[in-house]
Structure formats: structure tokens, C-alpha cells
Amino acid sequence: MTPLDPAGVDMSAVLGGSVTLPNPVGTASGCAGYGRELAAFVPPAELGTLTTKTVMARPREGRPTPRMAETPSGMLNSIGLQGAGIDHLVTRELPWLAERGARVMVSVAGERPEEFAEAAARLTGRPGVVGVEVNISCPNVANRGLVFAADPRSAHDVVAAVRAATDPALPVYAKLTPDVTSIVDIAAACVEAGADGLSMINTLLGMRMDPDTLRPALAGVTGGLSGPAVRPVAVRCVHQVYAAMRDGRLRAVPIIGMGGITSGADALEFAAAGASGVAVGTAIFNNPSAPLDVLRELRAELARRGFAAFRDVVGYAHR
């Protein structure tokens, strides 16, 4: 292909349903809060989407400290979904984001399907909200603490509850965990339940020991591993699910790829594997401007290879 002028590359992306974004780069849940701190470095309107930290129907304190620990090429976190709850989000944070032109993906969670639905129902008609991300990678208290996303039936029930409680025009994305035997089976259950898209992947369950105490470094013992160390796992998951869509094992829906993205080349990997959009997470802690850096570099990578539009590279590895 003949190299192109980066300025001429069409970076638009489809989120799901009738929602089209100006570009495919957003933030991963939990890494930019509600956007206030990040706004000093990245104007919210310049992102494709800004995904909020996960909110629940009621305020939650989260886990005890220490909650974070460094790992080779990554980090562990055990925040425990601390947050002020959905009332705080809709009355204080969403209006602030809407004033700044943000396209907001709200991440919701709960301990039971009805709690997910309760939080999601509050988002109908809220200015600036373009989607709901269902964080099913949390424990189901009604089923011995099993993570919803680890079981097709549980994942289906949560997504179905959220889809039923949400404006049909608002895309619902299911966020999947890689800590399963078959991520395709979980994806299929979510799509069957009405998911308009998939977010892949959430963190991997990990653990490290404090070298001085020889005890777990996190107060919660285990935590979610993120950062460049997980990127090959994330790309594999996206590739597997997109392949299943191509061969008819599940209905085709957009995928937002995430997991260790630090550069435009990383984002290009996810797109070639099948991601219609990408989210930058852990990189923000080291470089708050990372999402815009990734967007600029991705545009340049596409132009250098002669792609006139971002959508032309989505799923390229499967052709």
C-alpha cells in the first residue's frame, strides 16, 4: 500500500447500535476516575469515549490498603470497586462531563443482577452518555462468590437484566475476564442476552509477595494484573472472539480491546485482531496524555501502511 498523509485518515469508529465516534481511542474503567483529573492533560471531547470508574447502585468503601503493587511490566490493584454510587455520578459527574463534550461510557456493577440493572436504569436520558459497560468481573454473592463473567449463565443473566432496564438506543457492552476456560462461550452468552458489544479484557487475577515480610503485598491478597504484561493475553482473547463471530458461532458485535496498550502500534495489534475500538488504562498512571499519544501514533501507523480509514484495519488478521 502507498503511504498516506496522516491528516487524511478517517479515524471514525462504531460503538454499537447507531453510535458513531470521531475516533476509536478511549479510557479503560478505573484508570481515569470520572475524568476530572485527566482533563488537565486530555480534554474529554478529544477522546472517542471516556469510561468512568465502575459505579454501583449504592456507595461502596472498597478494600483495605495497601491496594496496589508494582509487577514486572505491569501492576496489581485491589481497589474493591470503591465509589460514591450512581446518585453521585448522575448528579455531579455526568453534568460536568457533558459540559465538556465527553462521550461517556458508564461502567456499572453489582452483587446481584438486579443491582446492575438498578444502576444502569438511572442512565436513561442522561446527556453525554453513549453506552453502558457491564463489569461482570465481580463476585456473585448469590452464587458462592463466583465471578459473574466466569459462568455463561450468570453472565447472561446480568447482561439480560441490564439490557431490559436500559434505553434500547443505548449500547450495552459486557466486560469479559480472561480467567476462564473458554472466553468465546462467555462472549456468546452475553451476546445472546442482548449485549451490543464486548469490552476485552478485564484484569487477570494475580498475586505477589512483599519481599520484606514474605506475605501478600496486597491487603486483599489477590488483585487484578494490568499493563503491558497482559497485552498478549488480551490480543489472543480479541482474536478468538472475533474469529467466532466470523465463522458464525456468535453474532457479530463491536469489540473494544484493552490490556497493556501504551502506543499506536499496540492499538493497531488489537484492531487487526478484531477490535473496533481500544481503551488505554494503566499507561495513564505513568503518562496522563497516553490516550492522545496513542491516537496520534495510531493515525500515523495507519497512514504509513496506506489505510485510508481505521475501520479498514479492523479484523485484518482474519482476511
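Up top is the structure these notes are about.
So, here's what we can say about the structure.

About the criteria used
Residues numbered from 1 in each chain as written. Predicted model: local features only at pLDDT ≥ 70, side-chain atom pairs only at ≥ 80, totals over all residues. Heavy atoms only, no water. 1 Å grid on protein atoms, 1.4 Å probe; cavity = no way out; pocket = protein on both sides within 12 Å on 5 of 7 lines; lining within 4 Å. Points joined across faces, edges and corners; volume = space filled by probe spheres on them. Nonpolar A, V, L, I, M, F, W, Y, C, P; charged D, E, K, R; others polar. Pairing = 2+ DSSP bridges. Helix = DSSP H or I, 4+ residues; strand = E, 2+ residues; numbered from the N terminus. Contact = heavy atoms within 4.5 Å. Axes fitted to C-alpha atoms, helices over the stretch in contact; angles between N-to-C directions. Parallel < 35°, antiparallel > 145°, perpendicular 65-115°, else oblique. Left-handed = near helix turned anticlockwise from the far one by under 90°.

Estimates place the volume of the second largest pocket at around 160 Å³. Lining the second largest pocket, in full, are Gly30, Cys31, Ala32, Gly33, Glu37, Leu38, Phe41, Ile284, Phe285 and Pro288. When grouped by side-chain class, the residues that make up the lining of the second largest pocket number 7 nonpolar, 2 polar and 1 charged.

Take the pairing of strand S1 (residues 13-16) next. Alignment of S1 against strand S2 (residues 19-21), held across 3 bridges, turns out to be antiparallel. Bridged to Val14 within S2 is Thr20. Where S1 folds back on S2, the antiparallel hairpin that results is connected by 2 residues, among which Gly17 adopts a positive phi of roughly 65°.

Applying the stated criterion to the full structure yields 2 cavities of 30 Å³ or more. Within this model, the largest cavity holds a volume of roughly 90 Å³. Along the wall of the largest cavity there are 15 residues; nearest its centre are Leu15, Leu21, Pro24, Ile256 and Gly277. Of all the secondary structure elements, the ones that give two or more residues to the lining of the largest cavity are S1, strand S3 (25-27) and strand S16 (277-280). In terms of residues, the lining of the largest cavity owes the most to one element, S1, which gives 3 residues. Estimates place the volume of the second largest cavity at around 40 Å³. If you go around the second largest cavity, the residues you meet are Gly26, Thr27, Ala28, Thr49, Thr51, Met105, Glu133, Ser199, Ile256, Met258 and Ala279. Contributions of two or more residues to the lining of the second largest cavity are made by S3 and strand S15 (255-258). In terms of residue class, the lining of the second largest cavity is made up of 5 nonpolar, 5 polar and 1 charged.

The next subject is the sheet that holds strand S11 (residues 172-176). Reading across the sheet, the 8 strands line up as S3-S16-S15-S12-S11-S8-S7-S4 and stay open at both edges, with parallel pairing between neighbours. In this open sheet, the two strands that pair with only one neighbour each are S3 and strand S4 (50-51). The pairing of S11 with strand S12 (residues 197-200) spans 4 bridges and is parallel. Paired with Lys175 across the bridge in S12 is Ser199. Most of the contacts of helix H8 (residues 290-304) go to S3, to which it runs at about 165°, and overall it touches S3 and S16.

Moving on, we come to the packing of helix H3 (residues 152-165) against helix H4 (residues 183-192). Two numbers describe how H3 lies on H4: the axes approach to 8 Å, and their chain directions differ by 30°. With respect to each other, H3 and H4 are oriented roughly parallel. In terms of crossing hand, the pair formed by H3 and H4 is right-handed. Contacts between H3 and H4 involve Pro152, Ala155, His156 and Val159 on the former and, on the latter, Asp185, Ile186, Ala189, Cys190 and Glu192. Looking at side-chain class alone, the contact of H3 with H4 contains 6 nonpolar, 1 polar and 2 charged residues.

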